[in-house]
Every structure is written in C-alpha cells, then in structure tokens.
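Results of the structural survey
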Amino acid sequence: MDDTTAILSPGVLLAGRYRLVRAIGRGAVGRIWLAEDERLGAAPVACKLLDETLGSDRQAVNDLKREVLITRRLRHPNIVGVYTLVEAESQPFITMEFVEGQDLAAQLTNRGAPMSLEEALQWLGPVAGALDYAHAEHILHRDIKPTNILIRTDGHALLADFGIAQTVKQARQQSPMPYVSGTVSCMSPEQLQGGPLDHRSDLYSLASTVYETLAGHPPFYDGDVMAQVQLRPPDPIPGLGDDANAVLLSALAKRPEARPYSCGIFFELLATASESGVSIPRLASARQRITDPDSDTVRIKTTPRQSVPRRLGAMLVEAGLISGAALSAALARQEATGERLGEVLCAHGAATEDGIAQTLAAQLRLPRADAQHDAVDPALTLKLGMRFLIEHGCLPLVSDGPGVALAMADPLDLQGITAAEEILGTPIDPFVATPSAIAARLQTLDESLVQLD
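**Topic: the packing of helix α6 (residues 199-215) against helix α8 (residues 242-251)**
- With their axes 8 Å apart at the nearest point, α6 and α8 run at an angle of 140° to one another. Judged by the inter-axis angle, α6 sits oblique to α8. Taking contact as the criterion, the partners of Leu203, Tyr204, Ala207, Val210, Tyr211 and Leu214 in α6 are, on α8, Leu248, Leu249 and Ala251.
- Here the contact of α6 with α8 is built from residues that sort into 9 nonpolar, no polar and no charged.

**Remarks on the side chain of Ser274**
- With respect to the helices, strands and loops of the structure, Ser274 is situated in helix α9 (residues 263-274).
- Each residue touching Ser274, except ones within four places of it in the same chain, is listed here: Leu117, Glu118 and Leu121.

**Things to note about the pairing of strand β4 (residues 43-50)**
- Taking burial as the measure, the 8 residues of β4 include 6 buried ones, the bulk of the element.
- In this sheet, β4 lies alongside strand β3 (residues 30-37) in antiparallel orientation, the contact comprising 8 bridges. Its bridge partner being in β4, Asp37 is matched across the sheet by Ala43.
- Remark: 5 residues form the turn of the hairpin made by β3 and β4, two consecutive strands paired antiparallel; Gly41 in that turn has positive phi of roughly 65°.
- Across 4 bridges, the pairing between β4 and strand β6 (residues 93-96) is antiparallel. By the bridge assignment, Lys48 is partnered in β6 with Ile94.

**Observations regarding the environment of Ala35**
- Note on placement: Ala35 falls in strand β3.
- We classify Ala35 as buried; its relative accessible area is 0%.
- For Ala35 and Tyr18, which are 17 residues apart along the polypeptide, the C-alpha to C-alpha distance reads 5.7 Å.
- In this structure Ala35 touches Tyr18, Arg19, Leu20, Val21, Ala43, Pro44, Val45 and Cys47, once residues within four positions along its chain are discounted.

Cut-offs applied
- Counting restarts for each chain: residues are numbered from 1 in the order of the written sequence.
- Given that the model is predicted, a residue must reach a pLDDT of at least 70 before its local features are reported, and side-chain atom pairs must reach 80 or more before they are shown or counted; all residues, however, enter totals for whole chains, interfaces and linings.
- The side-chain numbers reported here are obtained from all heavy atoms of the structure, hydrogens and water having been left aside.
- Whenever a helix is involved, its axis is fitted only over the stretch in contact; in every case the axis is a line through C-alpha atoms, and angles between N-to-C directions fall within 0 to 180 degrees.
- The helix count covers DSSP runs of H or I at least four residues long, the strand count covers runs of E at least two residues long, and both are numbered beginning at the N terminus.
- Reported orientations rely on four angle classes, namely roughly parallel under 35 degrees, roughly antiparallel over 145, roughly perpendicular from 65 to 115, and oblique for the rest.
- When checking whether two residues touch, look at their non-hydrogen atoms; a contact exists if any pair is within 4.5 Å.
- Under the convention adopted here, Pro, Cys and the residues Ala, Val, Leu, Ile, Met, Phe, Trp and Tyr are nonpolar, Asp, Glu, Lys and Arg are charged, and Gly plus all remaining residues are polar.
- The rule is simple: take the accessible area with a 1.4 Å probe, protein chains only, and divide by the maximum for that residue type; under 20% is buried, over 50% is exposed, in between is partly exposed.
- DSSP-based pairing: two strands are paired if at least 2 bridges between them are found.

By themselves, these observations are geometric and do not establish any function.
Below is the structure:
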C-alpha cells in the first residue's frame with residue numbers, strides 16, 4: 001500500500017520508499033515511526049511525521065524544514081542524525097537516524113526508581129558534550145527533557161528532537177513574544193518569560209532533567225509550576241550529598257549568570273562532587289511522572305498578568321488558607337470590579353493581608369520584608385520613579401546582596417520584576433510585603449527623592 005494520505009499504520013509506504021513498521025515516539029509536532037528504507041535493503045530509519053491536523057499547515061511545514069536545516073549542520077556522535085525532508089503530498093516528514101533503545105523517561109518509568117548519581121553521569125557527559133558542540137555552532141535546543149535523551153541498547157546516549165531549536169542570534173534578538181514553546185517543568189525562567197536566551201537556558205533544562213532522573217520528579221511539578229520555576233528555589237535532593245546538591249542547584253539558579261558557564265563544566269563539577277557524595281537510595285515508589293511524556297512540549301502564553309489572580313488563588317487554596325468556594329466567589333468579584341484578588345479576599349473576611357503575605361512567602365520560599373520600617377534605597381527609588389512603584393506596589397530596599405531587594409505586594413508580578421531589572425540593569429531579589437504597608441510607606445517618602453515620571 002502506497003498512500004501518504006492514509007491513516008498511518010504498519011505497512012503503509014511513504015513516498016514510495018519508506019515502509020512503516022511501528023510508532024516509536026512523539027516529537028513536538030508529530031509522531032515518530034520506525035520504517036524500512038526499501039531502496040536500501042530495508043535499512044531501519046526513523047520518520048518524523050506531522051500530526052494530521054498540521055499536514056497542510058504552511059507554518060508547521062516551514063518549521064519542519066527549519067529543523068532539518070538546523071540539525072543537518074550538527075555532526076556529532078551524540079546527536080541524532082537528520083537525513084532529509086520528504087515533501088510528500090499532504091504528509092511531509094523528516095527521515096533521521098533510528099536509535100535502537102529507549103528514551104530516558106521510559107527507562108526511568110520501567111525501572112520504577114530514580115538513578116544513582118553515578119548512573120546519571122554516564123549519560124550526562126555525552127549529552128553535555130553534544131550541547132556544548134551545538135552551542136559552539138550557535139544553536140540552542142530549547143527543549144531538553146528526559147524524552148529527548150535517547151539511550152541506545154549499548155548504553156550510548158544521544159540528544160534528539162531539535163524541533164523548536166533556534167540559532168543563538170535569533171534567541172538573543174527575540175523580543176518578548178505572546179507565546180513560547182517548550183516543556184514547562186524543564187524550561188528556564190527566562191524562556192518562560194519569552195525573553196532573550198543564550199546557552200545557559202539549555203543548561204538549566206539539562207540540570208532539570210538531571211534532577212528528575214535523581215529525584216524521580218522534576219524540580220517543580222505540583223501547583224503553580226510557572227511561578228515556582230521563576231521565583232522558588234528548588235529543594236535539595238535528599239541523600240544526594242551537599243557537594244552534588246550545591247552543583248545541581250547552582251545550575252538551576254534563576255539568574256543565568258549564576259549558573260556554570262557551560263554544560264561541560266556542569267558535568268565536570270557534578271562528577272567531582274560525586275566522589276564525595278552519597279548515592280540516592282532506590283525507592284520503588286519514587287518514580288511518579290507527573291506529566292504525560294507524549295504531550296510535554298506545549299505552546300503557552302507569556303502574558304502572566306492576565307492569569308495572576310487565578311494563580312495566586314490556587315496557591316492560597318493549596319496552602320489551606322482559603323477554600324475553593326471562597327476563591328470562586330472572590331474571582332467572580334475581582335473580574336467584575338477590577339480590584340486586586342487580595343483586596344477582595346480581605347474585604348470579605350476570607351483572609352488577612354498578613355496571612356496572604358505569609359502564605360506566598362512560604363509557597364514561593366521568598367523572604368518577608370517590613371515595608372513600614374526597612375530602609376528604602378533613595379537612589380534606586382529615584383531611578384525607578386514613583387509611578388512605577390505605585391503601579392507595581394513595590395519598594396527598593398537597602399541591601400548588602402548582589403541583587404536589588406524589592407519589597408513587593410504581588411511577588412507574582414513577573415512583568416514588574418522584569419521591567420525593574422531592565423531599568424536598573426541588575427537582578428531583582430523579590431521580598432514579600434503587605435499591600436497596605438507598601439502603600440503607606442510610598443505616601444511618606446520624601447518628595448525630594450522621588451519624581452513623578
């Protein structure tokens with residue numbers, strides 16, 4: 001049977017050459033099949049086919065072409081080779097190297113337990129080298145995760161699926177976009193915000209993948225994952241050892257400049273730390289994959305202000321501060337009046353300002369600030385401007401740390417944090433404060449130190 005428009009099934013012949021054998025996985029935009037190349041003596045080959053709904057989508061086809069053009073530039077023993085794009089009518093597809101084995105997610109699921117650090121290092125070294133090579137070729141992967149790391153039956157590790165890859169130049173010049181693609185639990189904070197990226201974003205995703213193989217779950221997987229990725233530091237992994245945890249958590253730093261410089265350096269640091277570390281006990285119940293590996297890569301909005309009330313409310317419900325019914329009623333009023341969700345909850349006695357601030361600080365692991373008494377930095381106050389401080393409900397505090405301590409009534413105001421970092425040219429360390437305390441302090445600021453802009 002030679003029918004590229006037929007429902008894909010074993011035996012279907014694509015482009016008069018590739019006989020489908022079985023489905024073996026899924027990429028960002030379609031299924032991957034094992035096929036036999038009948039022109040080359042039934043040699044095994046992997047075919048990546050667009051989902052049926054995308055077969056006539058010009059943008060999807062162009063993205064497939066871009067993947068081929070980008071990946072064919074990469075010739076590395078630990079990167080899955082891409083051969084060509086076949087533009088069969090209504091069913092374009094990519095042919096690429098077939099890897100006999102399993103992806104990392106399947107390995108973890110089948111074994112029912114996390115890996116030891118020594119086991120993880122066996123695949124990490126080759127994959128880190130492949131990523132450093134791609135970065136040297138000015139290409140970012142942007143979707144590092146367990147399902148995109150293939151382990152051959154002989155133990156050889158390969159990096160797969162450059163479906164949403166970009167050149168470094170494109171990623172650095174990218175202005176904030178309304179949508180970003182990736183896997184939420186593995187995306188770096190800067191990728192989630194839709195901002196410019198460099199090689200350290202891939203490093204974060206690689207570290208997140210290492211974390212998942214060692215802990216049995218990603219660093220963040222329950223509750224408001226987007227907010228946690230951007231604001232909450234990950235927990236150390238019990239039993240890993242202090243040195244190895246320090247290296248792993250440094251690669252998961254919120255700020256790119258706080259991470260190791262390259263994937264290879266990250267591997268070397270982790271390998272050195274393993275010599276003094278302790279392997280994680282293999283718990284049969286530890287491996288509980290939260291997300292569906294067939295649908296990890298998603299396209300999400302990067303306009304967090306629109307979803308902040310619901311995300312804030314979800315965190316308060318998760319912490320037990322308010323009930324689901326109270327949240328639903330408050331959201332309905334908030335959407336009708338435009339008031340802040342916290343104001344509505346406090347006005348109706350569902351919560352107190354201090355209770356909300358305390359819960360957010362605990363959920364996001366952020367420090368508290370006493371906005372009425374902590375020293376305010378006059379130079380930074382002048383630079384940000386009174387209008388900005390009022391609009392975002394924040395105060396720059398005097399701090400001894402490398403970043404700016406910003407007391408915030410809404411620590412989920414990620415756009416405000418990003419804007420403040422752009423204005424000040426330095427990273428922001430958010431502190432949680434009550435809205436009334438910040439508002440009162442703003443009213444008492446010396447007018448000679450602030451200017452309405």
